[in-house]
Amino acid sequence: MAQQRNQSDSEKLSCSICLDLLKDPVSTSCGHDYCMDCIKTHWDGEDGKRIYSCPQCRKTFTPRPVLEKHVLLADLVEELKKTRLQAAAAEDDDDLCYAGPGDVSCDSCTGRKLKAFKSCLFCLVSFCEQHLQPHYQSPAFKKHQLVEPSKNLQENICSRHDEVMKIFCLTDQQLICSLCSLDEHKGHESVSAAAERKKKQKELEVSRLNVQQRIQDRQKDVKMLQQELEDIRVCADRTVEDNEKMFSEMIQLIHNRQRDVEQQIRSQQKTEESRVKELQEKLEQEIRDLKRKDAELKQLSDTPDHSQFLHNYPSVSALSESKPSSSIDIRNLRHFEDVTAAVKELRDHLQNILRDTWTNISLAITEVDVLLSEPQPKTRDGFLKYSREITLDPTTAHSFLLLSEGNRKVTFMGQDQHYPDHQERFTVWFQVLSKESLTGRCYWEVEWRGGHIEVSVAKKNICRKGNSKECRFGCNDKSWSLICSTNRYIFWYNNIITTVSGPESSRIGVYLDHRAVWTLQPAGKSEVRGTKTTTMMHINTNVNVECSQQHL
């Protein structure tokens, strides 16, 4: 509380011009207090106007007021100074008053030194608040420059002449004293240290502005990365949730099919068992009948009376002449083995589908874009780092196109090649897609010859049937196409045609980056840039040949 009260008193007893404690305080008729030297200097600047004003309330005085020292204020200021000194003396063990390791100590203190309050660049000495008072009170120290306490004051002393170095040698780019300028630096270009400081200060401000701009740029980058982290987390969580749902649906679908198959098997089992049991009961009844007949025949055979035997023989022998039942042919039945074979075939088919699609899923996961990615390649060697082998898909090829050399070459034949019907096949435009779906950064090269070809990139869901623009490469927002001819290149996207310049070449390099510029480059030559794409969907490479006997 005492410290806050002293601080409040200091504010009340401070000059509003120099912002320090009042020195020789005077008061104007408007009631504001100033140092005598401060207000005189202020009014000296207004001599030409012949109107003098108060720096605080702007009240004007004519003529210039005659000022006299305000004795009461002067006494209050002295009392406040004594209070400060007493407070400093009462805090002997306080680190804020006494110099400790790493602190700048007062050079005027004897015994235990106080912490320095200011350093004087003219005296090259550091003072505590008590020993600094002469600099505030005596006009002799008025031109001395006070700075925050510094341990490096002695660095301003010339080691040869023991004099303050106030001159900067431009020739040797170092501080020197006045004797140095007459000695080993004689004839060198030099300026005052203050002038050089002013110049360097301007350069420093420019550097600071550059650094501050870089800080702002990096802070924006950090915010972007923070947002990117949040987007990655949200997207990953949503994707995991969606995939968990879809996998659960697929598992549930398989479980449902398993239950259906099991029910059908059990139903068929009951039918077959019922049929077998019915036949079994018939056979068992027949066995019982035959045993009864056998007993009657045996009884007749055991009859001792010849007359009785002959009398009963016709009726009993008729029983043995009954038509025998057909025998049961027990074959090596397979029962439900065909069902097991069919389910095994389904399992193998699913395994093949999972194996084929897992590559695309894995690539889609590992090729997630980030903000701070590698720089875009500029040379062919740089592009080749992202090289991909492309094969064409026969199920998508128009029937006039012939695929050969392991489906890596396509030739326009001009007649039907009698391909089987397929829902993925282009029916009107002479176009073909690749088998591979491309993600991330990819590069491949196309060799061609003939009048002209089209090298294209399209989204997987491009339309295949009919002659509409939705099926034609370059005529929609699902595909990009470069028409290559012997004397020019034409870029085509969303039915907008742009002529691009480039050297004639029989080899075209295609570089694909989902979040960068789609580039088509004659291999080994300068690049030909196309449109900017931002799609993150699966993209297939496409080759479109429209000239007879041309190949890629």
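The shown structure was predicted, so the numbers you read here are calculated from the model rather than taken from an experiment.

**Topic: the sheet that holds strand β7 (residues 146–147)**
Thought 1: An order of β6-β5-β7 is seen for the three strands of this open sheet, with the pairing classed as antiparallel. Looking at strand neighbours, the two that pair on one side only are β6 (125–127) and β7, the edges of this open sheet.

**Comments concerning the UniProt feature "domain: C2H2-type" (unreviewed entry) in the protein**
Thought 1: Feature annotation in UniProt assigns "domain: C2H2-type" (unreviewed entry) to the following positions: residues 52–70.
Thought 2: Helix and strand shares over residues 52–70 are 0% and 21% respectively, and the end C-alpha atoms of the span are 20 Å apart.

**Focus on the pattern of salt bridges**
Thought 1: Taken as a whole and assessed by the stated rule, the structure comprises 22 salt bridges.
Thought 2: Of the charged contacts in the structure, one is a salt bridge between Arg 64 and Asp 44, with a shortest N-O distance of 3.0 Å. Pair noted here: Arg 64 is in the loop between β4 (60–61) and α3 (71–90) and Asp 44 is in helix α2 (residues 36–44), with a separation of 20 residues, a long-range link.
Thought 3: Judged by relative accessible area, which is 27%, Arg 64 ranks as partly exposed.
Thought 4: You can call Asp 44 partly exposed: its relative accessible area is 44%.
Thought 5: Each of Arg 380, Glu 445, Glu 447 and Arg 507 takes part in a single network of salt bridges with overlapping partners.

**A look at the state of the cysteines**
Thought 1: Using the criterion set out here, one finds zero disulfides in the structure.
Thought 2: With no disulfide partner, Cys 38 has as its closest neighbouring cysteine sulfur the one in Cys 18, 3.9 Å distant.
Thought 3: Taking relative accessible area as the criterion, Cys 38 reaches 17% and is therefore assigned buried.
Thought 4: Cys 177 provides the cysteine sulfur closest to Cys 180, a residue in no disulfide bond, and the two sulfurs are 3.5 Å apart.

**Focus on the environment of Val 316**
Thought 1: Here Val 316 shows up in helix α7 (residues 306–320).
Thought 2: Note: C-alpha distance between Val 316 and Glu 296 (20 residues apart in sequence) is 7.1 Å.
Thought 3: Look past the residues within four positions of Val 316 in its chain and what remains in contact with it is Glu 296, Leu 297 and Leu 300.

**Quick notes on the pairing of strand β15 (residues 452–459)**
Consecutive side chains of a regular strand alternate in pointing toward one face of the sheet and then the other.
Thought 1: Counting buried positions along β15 yields seven of eight residues, so the element is predominantly enclosed.
Thought 2: The pairing of β15 with strand β16 (residues 479–485) spans seven bridges and is antiparallel. The residue bridging Glu 454 from the neighbouring strand is Ile 483, located in β16.

**What about the packing of aromatic side chains?**
Thought 1: Here the structure, examined in full by the defined rule, presents 11 aromatic pairs.
Thought 2: Ring geometry for Phe 309 and Tyr 313: centres 5.9 Å apart, planes at 35°, overall tilted. Taken together, the residues Phe 309 and Tyr 313, both in helix α7 and four residues apart, mark about one turn of the helix.
Thought 3: Note on Tyr 313: relative accessible area 44%, which makes it partly exposed.
Thought 4: Plain terms: the ring middles of Phe 383 and Tyr 443 are 5.3 Å apart, the flat faces sit at 20° to each other, and that makes the pair stacked. Note that Phe 383 is positioned in helix α9 (residues 380–384) and Tyr 443 in strand β14 (residues 441–447), a separation of 60 residues in sequence.
Thought 5: Of the residues examined, Tyr 443 reaches a relative accessible area of 1% and is grouped as buried.
Thought 6: Among the aromatic side chains, those forming a connected cluster through ring pairs are Phe 383, Tyr 386, Tyr 443 and Tyr 511.
Thought 7: Positioned above the aromatic ring of Tyr 98 is the side chain of Arg 112, whose terminal nitrogen or guanidinium carbon lies 4.0 Å from the ring centre.
Thought 8: A cation over a ring is seen here: Arg 464 above Phe 426, with NZ or CZ 5.5 Å from the ring centre.

Conventions we followed
- Residues numbered from 1 in each chain as written.
- Predicted model: local features only at pLDDT ≥ 70, side-chain atom pairs only at ≥ 80, totals over all residues.
- Heavy atoms only, no water.
- Pairing = 2+ DSSP bridges.
- Helix = DSSP H or I, 4+ residues; strand = E, 2+ residues; numbered from the N terminus.
- UniProt positions renumbered as here; feature names shortened; annotations may be inferred.
- Salt bridge = Lys/Arg side-chain N within 4 Å of Asp/Glu carboxyl O.
- Buried < 20%, exposed > 50% of the residue type's maximum accessible area, 1.4 Å probe, protein only.
- Disulfide = S-S within 2.5 Å.
- Contact = heavy atoms within 4.5 Å.
- Phe/Tyr/Trp six-rings, centres within 6.5 Å; stacked < 30°, edge-to-face > 60°.
- Lys NZ or Arg CZ within 6 Å of the ring centre and 35° of its normal.

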